[in-house]
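# Overview (structure and organization)
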Amino acid sequence: MLLSGLVGYVIGDFCLFQCYIIIGSRYGQLFMTLAPLAAALMAWVTLGQQMTQMSIVAMLVTLFGIGISVLGRGKHHKVSLKLPLDGVLFAIGAAICQGVGLVLSKIGMDHYEAAMLAEAGVPEWLVPFSANFYRCIAGIIGFSCLLWFRNGMAPLREAIHDKKGLSVATATTIFGPFVGVGFSLMAVQYTAAGIASTLMAMTPIIILLPSYWLFHEKITWRAILGAVISVVGVSLFFLG
């Protein structure tokens, strides 16, 4: 669970926040549809789960959907990337870390669940949130070290006095690492990982309207089509 927190929270969230700054949350979440694919590859390596022909087709469909959204015509009608390359690389890194972290969480949570249920009176629904606590410990330690080496302690002290920013960050922490990740681990616990990952991969579609209302980001049919195709690709990967 600590290793999962290091990969998922520290490295993954660092890459995710960097890509948010560079390319925005809407495109960042679109690339996160690669997370279930990364999880499947990680499960293939660590758990011996087989990759089928449908899995390969689903990967190509998902990549096609992402390509529709982020690629456009450049000079001389050549296909070019509409987004900064560093932002795209951070987004891909975040997706890979989230997928790998999910598999590591599944492995750790199975052992943790067996240990907890061996004790009388421990409710089963509490297991994902208790397991997530260890991920949060790794996240706190990892980000503290990251801030220390990047000389980020002084800006952190200044940010604490920003009441509006601090309130938003607090709400993000509650709904993200606590409620969001806790429920995602609960979903993996109670249903097939593929179904849970597919439902969680619908974020690029759900985020379209909030990004329009809050940040006035233009929503094009190309972006909607790309997001839908990417989610369909993930669905084929696990449900086909």
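Residues numbered from 1 in each chain as written. Predicted model: local features only at pLDDT ≥ 70, side-chain atom pairs only at ≥ 80, totals over all residues. Heavy atoms only, no water.

### Describing the overall build of the protein chain
Basically, it comes down to this: Helix and strand assignments follow DSSP, with helices taken as H or I runs no shorter than four residues and strands as E runs no shorter than two, numbered in order from the N terminus. Burial classes follow relative accessibility: with a 1.4 Å probe on protein chains only, a residue under 20% of its type's maximum area counts as buried, one over 50% as exposed, and anything between as partly exposed. In this analysis, two residues are considered to be in contact whenever any of their non-hydrogen atoms come within 4.5 Å of each other.
Scanning the protein chain from N- to C-terminus turns up 12 helices and two strands. Listing each helix as α and each strand as β along the protein chain from the N terminus yields α-α-α-α-β-β-α-α-α-α-α-α-α-α. Within the protein chain, the proportion of its 240 residues that are buried is 41%. A separation of at least 24 residues holds for 77% of the contacts in the protein chain among residues at least 6 apart in sequence.

### Side note on a nonpolar patch on the surface
What counts is decided by this rule: To count toward a patch, a residue needs a relative accessible area over 30% and no salt bridge; like charges are then connected within 9 Å, while nonpolar side chains (Val, Leu, Ile, Met, Phe, Trp, Tyr) are connected within 5 Å. Here the Shrake-Rupley method, with its probe set to 1.4 Å, supplies the accessible areas, and only the displayed protein chains count as covering residues. In the sections that follow, a salt bridge refers to a side-chain nitrogen of Lys or Arg positioned within 4 Å of a carboxyl oxygen of Asp or Glu.
Together, L209, Y212, W213, L214 and F215 make up an exposed nonpolar region whose accessible area comes to about 630 Å². Take L209: it is sitting in helix α11 (residues 208-215). On the accessibility criterion, L209 (46% relative accessible area) is partly exposed.

### Structural notes on the side chain of R135
As a reminder, the rule being used: Counted as positive: Lys and Arg. Counted as negative: Asp and Glu, with His and the chain ends omitted from the count. Any N or O atom pair separated by 3.5 Å or less is treated as a polar contact, with the protein-specific requirement of one donor-capable and one acceptor-capable atom, and with residues adjacent in sequence counted only for side-chain atom pairs.
Within the fold, R135 resides in helix α6 (residues 126-149). One buried charge, R135, has no salt-bridge partner; the nearest side chain with opposite charge is D13, at 7.7 Å. Side-chain polar atoms of R135 contact the side chain of S4, separated by 2.8 Å. Side chain to side chain, R135 and S105 meet in a polar contact 3.3 Å long. With residues near it in sequence (within four places) discarded, R135 still touches M1, S4, G5, G8, Y9, G101, S105 and V181.

### Examining helix α3 (residues 35-46)
Put simply, the rule reads: For a helix, the expected span equals 1.5 Å multiplied by the number of residues minus one.
The end-to-end C-alpha distance of α3, which contains 12 residues, comes to 16 Å, matching closely the 16 Å that a straight helix rising 1.5 Å per residue would cover. Residues A35, P36, L37, A38, A39, A40, M42 and A43 constitute the buried set of α3. After α3 finishes, the residue G48 shows a positive phi value of roughly 75°.

### Observations concerning the nonpolar core
Counted only if it meets this: Here, nonpolar core refers to any group of buried Ala, Val, Leu, Ile, Met, Phe, Trp, Tyr and Cys residues whose side-chain atoms link them within 4.5 Å.
Membership of the largest hydrophobic core comes to 19 residues, with the highest contact counts inside it found for I23, F31, L34 and L83. If you list the elements that add at least two residues to this core, you get α1 (2-23), α2 (25-31), α3, α4 (53-70) and α5 (85-117).

### Focus on the packing of aromatic side chains
Aromatic rings in a pair are described by how distant their centres are and how their planes are angled relative to each other. Inclusion rule: Only the six-membered ring of Trp is used, alongside the rings of Phe and Tyr, when aromatic pairs are assigned; centres must lie within 6.5 Å, and planes under 30 degrees apart are stacked while those over 60 apart are edge-to-face, with the rest tilted.
Inspection of the entire model under this criterion finds five aromatic pairs. An angle of 50° between the planes, with centres 6.4 Å apart, marks the rings of F17 and Y20 as tilted. Here the residue F17 and the residue Y20 both occupy positions in helix α1, the gap between them amounting to three residues, near one helical turn. Between F133 and Y134, the aromatic rings sit 5.9 Å apart at their centres with planes inclined by 75°, giving edge-to-face as the arrangement.

### Quick notes on the confidence of the model for the protein chain
Any segment with low pLDDT has predicted coordinates that should not be analysed in fine detail. What counts is decided by this rule: Note: pLDDT gives the predictor's confidence per residue, expressed from 0 to 100.
In this model, the protein chain carries a mean pLDDT of 78, and residues with pLDDT of at least 70 account for 84%. The secondary structure element of the protein chain with the lowest average pLDDT is strand β1 (residues 71-73), at 53, and the one with the highest is α1, at 90. Predicted confidence is poor over residues 73-79, with pLDDT under 50, and the contacts of this stretch with residues over four places away or in other chains come to six contacts.

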